[in-house]
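These are the residues of each chain, in order.
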Amino acid sequence: MLNVKVAQLSATDLQAIRDLEKSLGEKVCLLAVEKEGALYVLEAKMAPNRWDRIDHVYPEIENLCAFFRRHEDAHDAKAALKSFLNSAKAKPLQKKPIRIRLSVPVIDD
């Protein structure tokens, strides 16, 4: 599970979040976490406007990690994955566009 810290908010900020939740509807719950707990995720494009974690897209690749604490680490992993996908070893795998996105998931399924 991810180690994220809940942000310390003033009563005014907390009320603003609650008001925004009400305006978005009952199915939305907003979370406030400290930025240092934020993670970068590598995702592959599955369809227009649909992205999925690379460890779900390429389960054939052992020890493939989708989450990184630093942008530089995510960038290095993306470069290594793209290099691997262009190699002869990855010929049976379908290449897909890959992006780095700032993400703070609460539940990791």
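In this report, we go over the structure that sits alongside the text.

The rules behind each value
Think of each chain on its own: its residues are numbered from 1, step by step along the sequence as written. Local features are withheld for residues below a pLDDT of 70 in this predicted model, meaning they are given only at 70 or higher, and side-chain atom pairs are given and counted only at 80 or more; totals for whole chains, interfaces and linings count all residues. Side-chain metrics rest on all non-hydrogen atoms present in the structure, leaving aside hydrogens and water. Per the convention used, a helix needs a DSSP run of H or I reaching at least four residues, while a strand needs a run of E reaching at least two, with both numbered from the N terminus. Whether a residue is buried, partly exposed or exposed follows from its accessible area with a 1.4 Å probe, protein chains only, as a fraction of its type maximum: under 20%, in between, or over 50%, in that order. Throughout, a residue-residue contact means that at least one pair of heavy atoms, one from each residue, lies within 4.5 Å. We define the nonpolar core as a collection of buried residues of types Ala, Val, Leu, Ile, Met, Phe, Trp, Tyr and Cys that are connected through side-chain atoms lying within 4.5 Å of one another. The span you would expect from a helix comes to 1.5 Å times its residue count less one. In this description, the arc belongs to the directions extending from the helix axis to the C-beta atoms.

Summing up its helical and strand segments, the protein chain has three helices and four strands in all. Secondary structure elements of the protein chain, listed N to C terminal, follow the sequence α-β-β-α-β-α-β. Expressed as a percentage of the 109 residues in the protein chain, the buried residues total 25%. Sequence separation of 24 or more characterises 65% of the internal contacts of the protein chain that already satisfy a separation of 6 or more.

Within soluble globular proteins, side chains that are nonpolar tend to cluster in buried spots. The biggest cluster of nonpolar side chains holds 17 residues, and the ones touching the most others in it are I54, Y58, L81, L85, L93 and I98. Listed by contribution, the elements that provide at least two residues to this core are strand 1 (39-47), helix 2 (54-57), strand 3 (67-68) and helix 3 (71-85). Other than its neighbours up to four places away in sequence, Y58 contacts L64, L85, L93, Q94, K95 and K96.

Moving on to helix 3. Between its terminal C-alpha atoms helix 3 stretches 21 Å, which fits the 21 Å expected from 15 residues at 1.5 Å a residue. All buried positions along helix 3 are accounted for by A74, K78, L81 and L85. Buried residues along helix 3 cover an arc of 70 degrees about the axis, so they all sit on one side. The secondary structure elements touched by the buried residues of helix 3 are strand 1, helix 2, strand 3 and strand 4 (98-103).

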